[in-house]
Amino acid sequence: MGGEPSKQGDVYSYGILTLEMFTGKRPTDEMFKDDFNLHNFVEMALPERLVQIVDSSLLPRETDETAVRREHGRNYINDGGFENLNKISTHLQKCFVSVLEIGLACSGESPNERMSMGDVIKEIQHIKNAYLGIGIHGQRQRTS
């Protein structure tokens, strides 16, 4: 944050970029004021309010929800996504949550607590394989 270039700074940028891509929100969005930022927005929503924070272009059409309302000068993530969450397969939900958790782990405030890029790569490969249904030996698992 304003210091010398570093690996931890690159990890932070990767985390914010990941959160930005999956939520469709920019860190400079007007909704983020004071201590409310993109990282906090995702952190306070997962996993129960996944539908409200994931970019609607990534969701099946019938699950599109308005994410945030502003009341009394504070931001709140809307309720009402529980029935819509059922319209997304459990498999897809797990993938979204896992990717967003990587974004959170990379964009933590403390550089020493951020995920290493080596671990990020392993986790993303694991998520990809789980999403594609690839087993331990590299073969697709059959779904019954």
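Notes on the structure follow. Since the structure is predicted, the reported quantities are computational estimates derived from the model, not experimental observations.

Let us look at unusual backbone geometry. In this chain, Leu46 is followed by Pro47 through a cis amide linkage whose omega measures -10°. If you trace the backbone, Pro47 turns up in the loop between helix 2 (38-45) and helix 3 (50-53).

Here the focus is the environment of Val120. You can see Val120 is positioned in helix 6 (residues 117-132). Spatially, the C-alpha atoms of Val120 and Val99 are 9.6 Å apart, while their sequence positions differ by 21 residues. Sequence-distant contacts of Val120, that is, excluding residues within four places in its chain, are made with Tyr14, Ile102, Cys106 and Met115.

With that settled, the discussion passes to the nonpolar core. Counting 20 residues, the largest nonpolar core has Phe41, Val42, Leu46 and Leu100 as the members making the most contacts within it. Here the element with the most residues in this core is helix 5 (residues 90-106); it accounts for five residues. Discounting residues that sit within four places of it in the chain, Leu46 has contacts with Ile53, Val97, Leu100, Glu101 and Leu104. In this structure, Val11, Val99, Cys106 and Met115 belong to the second largest nonpolar core, which totals eight residues.

Conventions and cut-offs
- Residues numbered from 1 in each chain as written.
- Predicted model: local features only at pLDDT ≥ 70, side-chain atom pairs only at ≥ 80, totals over all residues.
- Heavy atoms only, no water.
- Helix = DSSP H or I, 4+ residues; strand = E, 2+ residues; numbered from the N terminus.
- Contact = heavy atoms within 4.5 Å.
- Core = buried A, V, L, I, M, F, W, Y, C linked by side-chain atoms within 4.5 Å.
- Buried < 20%, exposed > 50% of the residue type's maximum accessible area, 1.4 Å probe, protein only.

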